Each structure stands twice: as C-alpha cells, then as structure tokens.
Amino acid sequence: MAQLRVLAVDDELPALEDLSYLLRADPRIGEVATARDGAAALRLLDRAIADGRPIDAVFLDIRMRGLDGVVLGRLLSQFANPPRVVFVTAYEEHAVDAFEIKAEDYLLKPVRPERLAEAIRRVAVSADVPAEGGESDTIPVELGGVTRFVSSADVVYVEAQGDYARLHTATGSHLVRIPLATLEERWASAGFVRVHRSHLVAVKHIEELHIDSGKCTVRVGDTEIPVSRRHTRELRDLLVRRARKGRQE
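You'll find the chain entered in an unreviewed UniProt entry as LytTR family two component transcriptional regulator, with Nonomuraea polychroma given as the organism.

A few words now on the nonpolar core. Counting 26 residues, the largest nonpolar core has L7, V9, V58, L60 and F87 as its most contacted members. In terms of residue count, the dominant contributor to this core is helix α2 (residues 38–50) (5 residues). Leave out the neighbours within four places in its chain, and V58 touches L7, V9, L45, L76, P83, R84, V85 and V86. By size, the runner-up hydrophobic cluster in this structure holds 19 residues, among which are V6, L116, A119 and V123.

The next point concerns the pattern of salt bridges. For the coordinates displayed, the defined rule picks out 14 salt bridges. For the salt bridge of R112 with E114, the shortest nitrogen-to-oxygen distance reads 2.6 Å. With a relative accessible area of 48%, E114 lands in the partly exposed category. As a salt-bridge pair, E184 and R194 come within 2.6 Å of each other at their nearest N and O atoms. Taken as a pair, E184 in helix α6 (residues 180–186) and R194 in strand β11 (residues 192–196) lie far apart in primary sequence, 10 residues in all. Looking at E184, the relative accessible area reads 29%, which means it is partly exposed.

Relative to the 18 Å expected for 13 residues at 1.5 Å per residue, α2 spans 18 Å between its end C-alpha atoms, a close match to the ideal helical length. Every buried residue of α2 is accounted for by G38, A40, A41, L44, L45 and A48. Buried positions in α2, seen along its axis, are confined to an arc of 155° and lie on one side of it. In α2, the exposed positions angled more than 90 degrees off the buried face are occupied by R43 and A50. In the core, the buried residues of α2 are packed alongside β1 (4–9), β2 (29–35), β3 (57–60) and α3 (69–77).

Moving on to the sheet that holds strand β12 (residues 199–202). The strands making up a sheet are joined through hydrogen bonds of the backbone, oriented either antiparallel or parallel. The strand order across the open sheet built from 5 strands is β10-β9-β8-β12-β11, with neighbouring strands paired in antiparallel fashion. In this open sheet, the two strands that pair with only one neighbour each are β10 (173–176) and β11. Across the sheet, the mean angle separating the axes of adjacent strands is 20° when strand polarity is ignored. Direction of pairing for β11 relative to β12: antiparallel, over a ladder of 4 bridges. Considered in β12, the bridge of V193 is made with V201.

For strand β4 (residues 84–89), the tally of buried residues reaches 6 of 6 residues, placing the bulk of the element in the interior. Taking every second residue as pointing to the same face, both faces of β4 are buried, with R84, V86 and V88 on one and V85, F87 and T89 on the other. When β3 meets β4, the two strands line up parallel, connected through 4 bridges. Paired with V58 across the bridge in β4 is V85. With respect to chirality, the unit in which β3 leads through α3 into the neighbouring parallel β4 is right-handed.

Rules used throughout
- Residues numbered from 1 in each chain as written.
- Predicted model: local features only at pLDDT ≥ 70, side-chain atom pairs only at ≥ 80, totals over all residues.
- Heavy atoms only, no water.
- Core = buried A, V, L, I, M, F, W, Y, C linked by side-chain atoms within 4.5 Å.
- Buried < 20%, exposed > 50% of the residue type's maximum accessible area, 1.4 Å probe, protein only.
- Helix = DSSP H or I, 4+ residues; strand = E, 2+ residues; numbered from the N terminus.
- Contact = heavy atoms within 4.5 Å.
- Salt bridge = Lys/Arg side-chain N within 4 Å of Asp/Glu carboxyl O.
- Expected span 1.5 Å × (residues − 1).
- Arc of directions from axis to C-beta.
- Pairing = 2+ DSSP bridges.
- Axes fitted to C-alpha atoms, helices over the stretch in contact; angles between N-to-C directions.
- Right-handed = clockwise from strand over helix to strand, strands pointing away.

As structure tokens, then:
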C-alpha cells in the first residue's frame, strides 16, 4: 500500500517533537503533520479532507489543554471515513475509553520504538482494508504493566467474572474490566454469540454441539461450555445454517 499520512497531536512540544521524529523514521510513513491542541488538529484534518489528501491515522495525546484526546477521538470516530487513532499517553486509566472509540493501539510514554512500530503496523494493516469490510475488533489488556490490544479474531470465548470479563485465546486468557453485555453487542459482527448468561462464544471455534437429557453444551477446543435453555434452539439453528452454507460453497 502507499505510504501513510499521519498526524501527531500533543500540547507538550518536546513530546511532540520526539513522537514526530520516531514517526518520520518509519519507512511506512510518508508524511507527518503536527498539532499542539485538539482544535488545531480538527482544522488540519478538515483541510486535508478538502484537499483530497485525508489523514490515515492520528497519534493522539490524551491529557491536553482545551479539547482533550478522548473527546477528540470520539469526534474523529464520527467522521464519514474516520482516521485510525493511536493514543499516546502517560496514563493507563484511559484504556477502556480507547476500546470504546475503537482505537488501533494505546501507547504509554515514554514511547518505545518497537511499540510504535507495532502500532504503525496495525494502522497499515487496517488502512489497507475498507473500514466497512473488516469484522475484527481489538480490546486493551494489561500484560506485565504494558497495555496490549487483543484482536477479537484471536478470542475463542469470553467468560463473565463479576464486573469483569475473561478473554480466552488459544495461548492464554486476559481479564478486562468490561461487562459481558458490552462485548456481546460490540462483537456480534465479529461472529460472537451469547450462549449463556456468563459466556460468549466465537461461532467459528465451535467444534461440537451436544444435547443430553435436555442439557446443552458446546465444545471449543478442550473446553465444554454450557448453553442455557433459552439460547439452545437459536444456537442450533445458527450452526445448521452455517453447515448448509459451507456445503453450498
């Protein structure tokens, strides 16, 4: 794909200059614009759209004077063709906001070059796919004090644990403070279905549906997950439709 056009936004000049330097050093990026506040960023983005050269991604600080990064991120998400957003901040507590805004990544200051390179990779992959065509989504998780983003495509099933949800992948699990109902709504288009009050399952990972004495379970890998009575028929019909579609293809 063509080189990326990006915008770096930070109200602290030294931080802005450091971020711009690192961005320009990446061969996937062709142009770096900068702004010192949210209002200036919006003006620049509008001008870029009017010129027919829209910005591909915004690398955005959160705590800024005036229009802060979270508010600006929400405004950007309402654009007809929103730029990808990568938050660059010294504060960890806004990761859930990043998830709600569908940010591509969440970097903590001081920015390490390898983490920035990974964020740019995510932006490059995302920018090469039409926004309406992708089904995957990401969610921030904490790994050893570092915020990473796990793709819904890598999640096999989700288990409610109080006000938290545990994401189970092929390589491990991650506890996030997001209600299961929120993930159910958010990840429906990614192929997740509610099978129980405490479980969401990625349909593509269901290997077996088992009904015995009125009790229903599904098997995903080595795990048996209960299916509540109210979801049994709906899930069975869904799996039948998928099987028929697969045979037709």
